[in-house]
Amino acid sequence: MPASAPAPLLGRAVRHEWVLDPDFVSVNHGSFGATPRVVLAAQQEWQRRMESQPGRFFRAVLPDALRHAADRLAAFLGTDGKDVAFVENTTVGCNAVLRSLRFAPGDEILVLSHAYGAVRNAARFVAAQAGARIIEAAVPFPRPEPDAIVAAVAAALTPRTRLAVLDHITSGSALVLPLHAMIAACHAAGVPVLVDGAHGPGQVTLDLPALGADWYVGNCHKWLCAAKGCAFLWASPQHQAGLHPVTISHGLGDGFRAEFDWTGTRDCSAWLSVDVAIDFQARLGDEALRTRNRMLAADAASLLSRRLNTEVAATGALAGAMGLVRLPLSGPVTPQQSLDMRARLLEAGTDAPTHIVGDALWLRLSAHAYNEIEDYQRLGEIVARVLRDV
Ligand SMILES: Cc1ncc(COP(=O)(O)O)c(C=O)c1O
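First things first, this report covers the structure right here in the doc.

Rules and cut-offs
- Residue numbers restart at each chain and count upward from 1, following the sequence in its written direction.
- Under the rules for a predicted model, residues below a pLDDT of 70 receive no local features and side-chain atom pairs below 80 are neither given nor counted, while totals for whole chains, interfaces and linings still include all residues.
- The basis for every side-chain value is the complete set of non-hydrogen atoms in the structure, without hydrogens or water.
- A run of H or I in DSSP becomes a helix once it reaches four residues, and a run of E becomes a strand once it reaches two; helices and strands are each numbered from the N terminus.
- We compute the radius of gyration from the C-alpha atoms alone; for a globule the expected value is 2.2 Å times N to the 0.38, where N is the number of residues.
- The cut-offs for exposure are 20% and 50% of the maximum accessible area for each residue type, with area from a 1.4 Å probe on protein chains only; residues under the lower value are buried, those over the upper are exposed, and the others partly exposed.
- Two residues qualify as a contact provided that any one of their heavy atoms is within 4.5 Å of a heavy atom in the partner residue.
- It suffices for a single heavy atom of a residue to lie within 4 Å of a molecule or strand for the residue to be listed as near it.
- Think of a polar contact as two N or O atoms within 3.5 Å of one another; within protein, one of them needs to be a possible hydrogen donor and the other a possible acceptor, and neighboring residues in sequence only count if both atoms come from side chains.
- Computed with a 1.4 Å probe, the accessible areas rest on the Shrake-Rupley method; for each residue, only the protein chains presented here act as cover.
- Note on residue classes: Ala, Val, Leu, Ile, Met, Phe, Trp, Tyr, Cys and Pro are nonpolar, Asp, Glu, Lys and Arg are charged, and everything else, Gly too, is polar.
- Strands are labelled as partners when DSSP assigns at least two bridges between them.
- Helix axes are fitted to C-alpha atoms over the stretch in contact, other axes to C-alpha atoms as well, and angles between N-to-C directions run from 0 to 180 degrees.
- Any Lys or Arg side-chain nitrogen located within 4 Å of an Asp or Glu carboxyl oxygen qualifies as a salt bridge.

Once that is clear, we can look at the overall build of the chain. The number of helices and strands found in the chain is 14 helices and ten strands. Whereas a compact globule of 390 residues would reach a radius of gyration of roughly 21 Å, the chain reaches 21 Å, a difference of no more than 12%. Overall, the C-alpha framework of the chain stretches about 60 × 55 × 40 Å when taken along its three principal axes. Here the chain, with 390 residues, has 57% of them falling under the buried criterion. Relative to all contacts within the chain whose residues are 6 or more apart in sequence, the contacts with residues 24 or more apart total 71%.

Before going further, it helps to spend a moment on the site of the ligand. Near the ligand lie 13 residues; those nearest to it are Thr91, Asp196, His199, Asn219 and Lys222. At 2.9 Å, a side-chain N or O of Asn219 approaches an oxygen atom of the ligand. Within the side chain of His221, a nitrogen or oxygen atom sits 3.1 Å from an oxygen atom of the ligand. Burial of the ligand by the protein amounts to 89% of the accessible area it has alone, namely 400 Å². Per-class residue counts for the shell around the ligand are three nonpolar, seven polar and three charged.

Here seven strands make up an open sheet; going across it, the order is E1-E7-E6-E5-E4-E2-E3 and the pairing mixed. With one partner strand each, in any of the chains shown, strand E1 (84-87) and strand E3 (133-137) form the two edges of the open sheet. Taking each pair of neighbouring strands and ignoring which way they run, the sheet shows an average axis angle of 20°. Two elements, strand E2 (residues 108-112) and strand E4 (residues 161-167), share four bridges in a ladder whose sense is parallel. Among the inter-strand pairings, Leu110 is bridged to a residue of E4, identified as Ala164. Of the strands in this sheet, E2, E3 and E4 are in contact with helix H6 (residues 146-156), which crosses E3 at around 155°.

Summed over all chains, the structure comprises 16 salt bridges. The partner of Asp286 in a salt bridge is Arg290, with the nearest N and O atoms 3.5 Å apart. The class of Asp286 is partly exposed, set by a relative accessible area of 24%. Arg326 is the partner of Glu311 in a salt bridge, and the nearest nitrogen-oxygen pair spans 2.7 Å. With Glu311 in the loop between helix H12 (287-308) and strand E8 (322-326) and Arg326 in strand E8, this pair connects stretches of sequence that are 15 residues apart. Judged by its relative accessible area of 24%, Arg326 is partly exposed. Overlapping salt bridges bring together Glu108, Arg133 and Arg160 as one network.

Next up on the list: helix H11 (residues 274-283). Turning to H11, its buried residues are Val274, Val276, Ala277, Ile278, Phe280 and Gln281. Considering only its buried residues, H11 is in contact with helix H2 (37-52), helix H3 (54-76), E1, helix H10 (269-272) and H12. Phi for Gly285, located one or two positions after H11, is positive at around 120°.

Let us now look at the pairing of strand E6 (residues 215-219). Among the five residues of E6, five are classified as buried, and the element is accordingly described as predominantly covered. What you see with E6 is no split at all: Trp215, Val217 and Asn219 on one side and Tyr216 and Gly218 on the other are buried throughout. Direction of pairing for strand E5 (residues 193-197) relative to E6: parallel, over a ladder of four bridges. Across the sheet, the residue bridging to Val195 is Tyr216, located in E6. Pairing geometry for E6 and strand E7 (residues 231-235), over five bridges, is antiparallel. Opposite Trp215, over in E7, you have Ala235 as the bridge partner.

Here we come to the environment of Met182. Residue position: Met182 is located in helix H7 (residues 179-188). For the pair Met182 and Val193, spaced eleven residues apart in sequence, the C-alpha to C-alpha distance is 9.3 Å. Discounting chain neighbours no more than four positions away, the residues touching Met182 are Leu112, Ile149, Val150, Val153, Leu166 and Leu177.

The following block contains the structure:
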């Protein structure tokens, strides 16, 4: 956006761009994203093209269209389309990397204590098959210092560590981790790094080669507002040989892109419409939007923590477009209590999720273009009401 252009209107002024229910307090963009109408329309147009001439579409249109979409996405990520493959979601992409690597008995895979459960399970699965072990680096919490997080990763590395799986932005604790320094610490010990970047694209500005990871998996259907099922796997050129999708198909042995671009007949419309999501993000301000979302999340978390008389989990560089506020419950919380609280909040009209981190229950809120501070005032009312009833 040129410096002289007026900042786009956000919040209520753009909410009509989405099909979001106006009566529901939608403050959980982080879990599943929300796809704007313009992207849904583009996706549906690709589906129409596919179904109007399936034989021609799959043979003559799709291969080039996929690569064109990969090039557009790669430019948004600061990288080259030849290093990018589409996958359905971050879980699939992390599985592809983990299941392509060979581990031996006694090897160690480092994960963070705040790792996302599905990705941690995939690491556990491949470790168990090989007789390898999972080692957890304990992320200090709440309000950690970036250096302390890097030190926790460095302290968990041993001569037997073969891979580190690092989150870019953690799920339950909503921390934007000091990824560059964490990767450098792993590389200094000769350990390659797979980044779970589920929340990265569209929440923070990315320059993938500059980050220095070996593999980066990111969702476009979260913060970039692409259609559901749009995610990517970036692999540094040196790691592309030997990297396979979870599903082996016709392209076996023909290289990274050929193997990932075709894993069988499927609907690729979420990937093919990613260019429209990128253009939409640009229309809303790109970098300026990301900054505004971070500031809104910080204001919202502070508002909630004052209302509940508790604390926020992160400030400064570690705080992104998701905020985490402790709920005022006494004593240790159980997973069932968290599930009950989520169900009550949904019933009461909001999707803000709860997560147990440490021994406390935390409420996570998200801020995207369609949100404004009134959403969190309404959230505060709902949370206070639900807490009175428990
Ligand atoms: C850190 C993290 N990793 C992975 C995932 C999984 O994403 P998906 O369901 O798109 O595979 C999530 C989802 O919220 C996440 O927060």
